[in-house]
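Next come the chains, spelled out residue by residue.
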Amino acid sequence: IGKDTVDDEVLDDLEEVLITSDVGVATTLKIIRRIEARVKKDKYLNTSELQQILREEIIALLRENDTDKPAEFGAETPAKPHVIMVVGVNGVGKTTTIGKLAWHYRQADKNVLLGAADTFRAAAVNQLTIWSERAGVPIVQQGQNADPAAVAYDTVASAKKRGADVVLIDTAGRLHNKKGLMDELSKIKRVMSKVVPEAPHEVLLVLDASTGQNAMQQAKAFTQAVDITGLALTKLDGTAKGGIVIGISSELNVPVKYIGVGEQAADLQVFDRVSFVNALFDKTP
Amino acid sequence: MFDDLSSKLQSTFKSLSGQSKITDLNIAEAVREIRRALLDADVNYEVAREFTKKVKDQALEQDVLTSVSPGQLFTKIVYDELTQVLGGQKEEIRFASTPPSVILIAGLQGSGKTTFTGKLAKYLKSKGRNPVLAAADVYRPAAIEQLKTLAEQIKVPVYSIEEKNAVRTAKEALQFARSNAHDVLIIDTAGRLHVDEKMMAEVSEIKKAVQPNEILFVVDSMTGQDAVNTAREFDKTIDFDGVVLTKLDGDTRGGAALSIRNVVEKPIKFISMGEKMDSLTPFYPDRMAQRILGM
Ligand SMILES: Nc1nc2c(ncn2[C@@H]2O[C@H](COP(=O)(O)OP(=O)(O)OP(=O)(O)O)[C@@H](O)[C@H]2O)c(=O)[nH]1
Ligand SMILES: Nc1nc2c(ncn2[C@@H]2O[C@H](COP(=O)(O)OP(=O)(O)OP(=O)(O)O)[C@@H](O)[C@H]2O)c(=O)[nH]1
Ligand SMILES: [K+]
Ligand SMILES: [Mg+2]
Ligand SMILES: [Mg+2]
């Protein structure tokens, strides 16, 4: 026994939850179809079982993290220095995320080096310098208006010389539809490999949880320019749920690695698929 | 003009040719197309539902099926309604009858407040005013340096103090504006979440201390479903006068504009289309409607 179809009312509720969490129409329909197919095959007995099926199907869309790019701060990285380039559109939280990552790596006794390759945004270098002091890690910078590729190159070279464990490269925010700026980003990435052939080992795309469907275009364009390897979802301490990462993770095959939950150094967590999906269905904001 | 949505509606209505009267039933598919277009553009779920219902009622009333081109007429109904909801004519900033006028800038983290503060100062300067800026973001690392850098580019002074006290900064900046014959004071504030009670209390205190003539709520145009929650809470706390939509130089549809218009009855006064100090533009509802509908 057990039901083999889902009531329309339940599906409507589900649709509302997903759409209002910014999951998007296409991904929402995909999830609903998966659930319908699963229920047809396995049947379900009660609401809580259906809830379980639902969560499992969404979790399955979120790609698992790669073992060669560990999210845990104390973990051994396959390469040394392990270079992480941080990219994204304007104001999403790139510099802050770097500050938090530096602080967490430092807590785990890693030697970290920051590279101030956002030389464009007003006072960007100052901002990263303050974060380097907060985290207690050194920074390579050549001031505002310097060539960002040259800063990235020098940072990786310096990290190699110092024997740093982790390098974090900040880049200027840029809208993904600006070709010139995206080309510049590709170049920043390319020069690092002249110092360390595999560098950058990771390209982290930062997404603001309050962003809607445009995040998909962002992820596609940044993937094309610099081949992103992971996502960081910021500002989850607000009421936005960040549901757009579900479609991005599944369609572009990139894992969500971190979430940002505040403006302080400690306010960064390793992404957990189960709690993320549970939060989608959490009624209290 | 009506490319995307219109062609979809065209084909939807083609299947209806031969039916003489429009009904709830035969229009359902067209209504679904419109709803989907709105949701894809990040219009809030509730707002999209209400808006779609309104449009449907009008389509029934005008009996679009009897027109020569039902798809086009239906698209036009959507477009006209959207333009209407987004706001009638252009609305300007309100100034004090006796200067200095005080303009308070507020919004979520990273929405573009500091950049807009600079742009607005430049814009007002070009209109013959003599603005001064207050650096009342005392939290974000290098926020004051950022504002000073922008201000230097446009040759406008910044008032800031050593102490990390936003309310005092704003109050003293007003004194400074008065005694230095500045006719406009623009106050840049820290980004804050609408659920952060302490920070919301702070911005409310700044408001009380300087009695702004104009409060502008700055919103990232890429914002999704949550736009309504933030706009509603900011409006409850500071009762803002207008909205600024930023980062429209991107390719977002910008449905947040419609969502915000629906939950708070406040006009969108400016749009921001770039990082440089000279890309501040007034808001045109018809262009925004086209953008949301992907026309
Ligand atoms: N509440 C909250 N605020 C955050 C979080 N992450 C970053 N912020 C804030 O968001 C704003 C923008 O952060 P930045 O780190 O400067 O963003 P960015 O992407 O480097 O910005 P640009 O370099 O200008 O493109 C700042 O006010 C940060 O304090 C987060 O997880 N939660
Ligand atoms: N492309 C584009 N970028 C913009 C626009 N407005 C602001 N920015 C960029 O967005 C980022 C954040 O802008 P800020 O002015 O620092 O935002 P904010 O609201 O003051 O940020 P916090 O003070 O941290 O809350 C910066 O990189 C700006 O250059 C715009 O209209 N278009
Ligand atoms: K944002
Ligand atoms: Mg930055
Ligand atoms: Mg600011």
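Just so it is clear, the model here is predicted, and its values are computed rather than measured.

### Focus: the side chain of lysine 266 of chain B
All names here are of chain B. Structurally, lysine 266 is set in the loop between α10 (256-263) and β7 (268-272). For lysine 266, a relative accessible area of 13% puts it in the buried group. Side-chain polar atoms of lysine 266 contact the backbone oxygen of phenylalanine 240, separated by 2.7 Å. Contact partners of lysine 266, with chain neighbours within four places excluded, come to Asp235, Asp239, Phe240, Asp241 and Arg261.

### A look at the site of ligand 1
Ligand 1 sits among 22 residues. The nearest are Lys94, Thr95, Thr96, Arg121 and Glu263 of chain A. Residues within reach of ligand 1 are spread across chains A and B. A distance of 3.3 Å is found between an oxygen atom of ligand 1 and a side-chain nitrogen or oxygen belonging to lysine 100 of chain A. Calculation on ligand 1 without its partners gives an accessible area of 650 Å², and the protein chains cover 96% of this total. No other element matches helix α4 (residues 94-107) of chain A, which puts four residues into the shell around ligand 1. The residue inventory of the shell around ligand 1, partitioned by class, reads three nonpolar, eleven polar and eight charged.

### What about the pairing of strand β4 (residues 166-171) of chain A?
On any regular strand, side chains alternate: one points to one face of the sheet, the next to the other face. All names here are of chain A. The element β4 is extensively covered by neighbouring structure, given that six of its six residues are classed as buried. Here β4 shows a buried face lined by Val166, Leu168 and Asp170 and a second buried face lined by Val167, Ile169 and Thr171. As paired elements, strand β2 (residues 112-117) and β4 share six bridges and run parallel to each other. Bridging across to β4, leucine 113 finds its partner in valine 167.

### Quick word on the interface of chain A and chain B
Counting residues at the interface gives 39 residues for chain A, matched by 34 residues for chain B. Taken together, the links from chain A to chain B amount to two salt bridges. Residues aspartate 249 of chain B and lysine 178 of chain A are paired through a salt bridge, measuring 2.4 Å at the closest nitrogen-oxygen approach. Sorting the residues of the side of chain A that touches chain B by element identifies α1 (8-20), α2 (25-42), α5 (124-135) and α8 (214-226) of chain A as the ones contributing at least two each. Looking at the side of chain A that touches chain B, its residues break down into twelve nonpolar, 17 polar and ten charged.

### Focus: the coordination of the potassium ion (ligand 3)
Coordination sphere of the potassium ion (ligand 3), protein contribution only: Asp208 of chain A (OD) and Asp220 of chain B (OD), at 2.5 to 3.0 Å. In this pair, aspartate 208 of chain A sits in strand β5 (residues 202-208) while aspartate 220 of chain B sits in strand β5 (residues 214-220), so the two residues belong to two different chains. Classification of aspartate 208 of chain A by relative accessible area gives buried; the value is 7%. Relative accessible area serves as the criterion here: at 13%, aspartate 220 of chain B is assigned to the buried category.

About the thresholds
- Every chain begins its residue count from 1, and numbering advances along the sequence as written.
- Numbering of ligands from 1 and lettering of chains from A proceed in the order in which they are written.
- Whole-chain, interface and lining totals are the exception, using all residues; otherwise, since this is a predicted model, local features are given only for residues with pLDDT of at least 70 and side-chain atom pairs are given and counted only at 80 or more.
- To get the side-chain values, take all heavy atoms of the structure and skip hydrogens and water.
- Secondary structure follows DSSP: runs of H or I at least 4 residues long count as helices, runs of E at least 2 residues long count as strands, and numbering of each begins at the N terminus.
- Note on classification: 1.4 Å probe, protein chains only; a residue is buried when its accessible area is under 20% of the maximum for its type, exposed when over 50%, partly exposed between these limits.
- Pairing of N or O atoms within 3.5 Å defines a polar contact, subject to two protein rules: one partner must be a possible hydrogen donor and the other a possible acceptor, and residues neighboring in sequence count only if both atoms are side-chain atoms.
- Two residues qualify as a contact provided that any one of their heavy atoms is within 4.5 Å of a heavy atom in the partner residue.
- Each residue is tested against the molecule or strand, and it is near if at least one of its non-hydrogen atoms lies within 4 Å.
- Surface exposure here means Shrake-Rupley accessible area, sampled with a 1.4 Å probe, where a residue is shielded only by the protein chains that are shown.
- The residue classification treats Ala, Val, Leu, Ile, Met, Phe, Trp, Tyr, Cys and Pro as nonpolar and Asp, Glu, Lys and Arg as charged. All others, Gly included, are polar.
- Two strands qualify as a pair provided DSSP detects at least 2 bridges between them.
- Salt bridges are defined by distance alone: a side-chain nitrogen of Lys or Arg within 4 Å of a carboxyl oxygen of Asp or Glu.
- The rule for donors is simple: N, O or S, within 2.8 Å of the metal, or within 3.2 Å if the metal is Na, K or Ca. Water isn't counted, so a site may look like it is missing partners.

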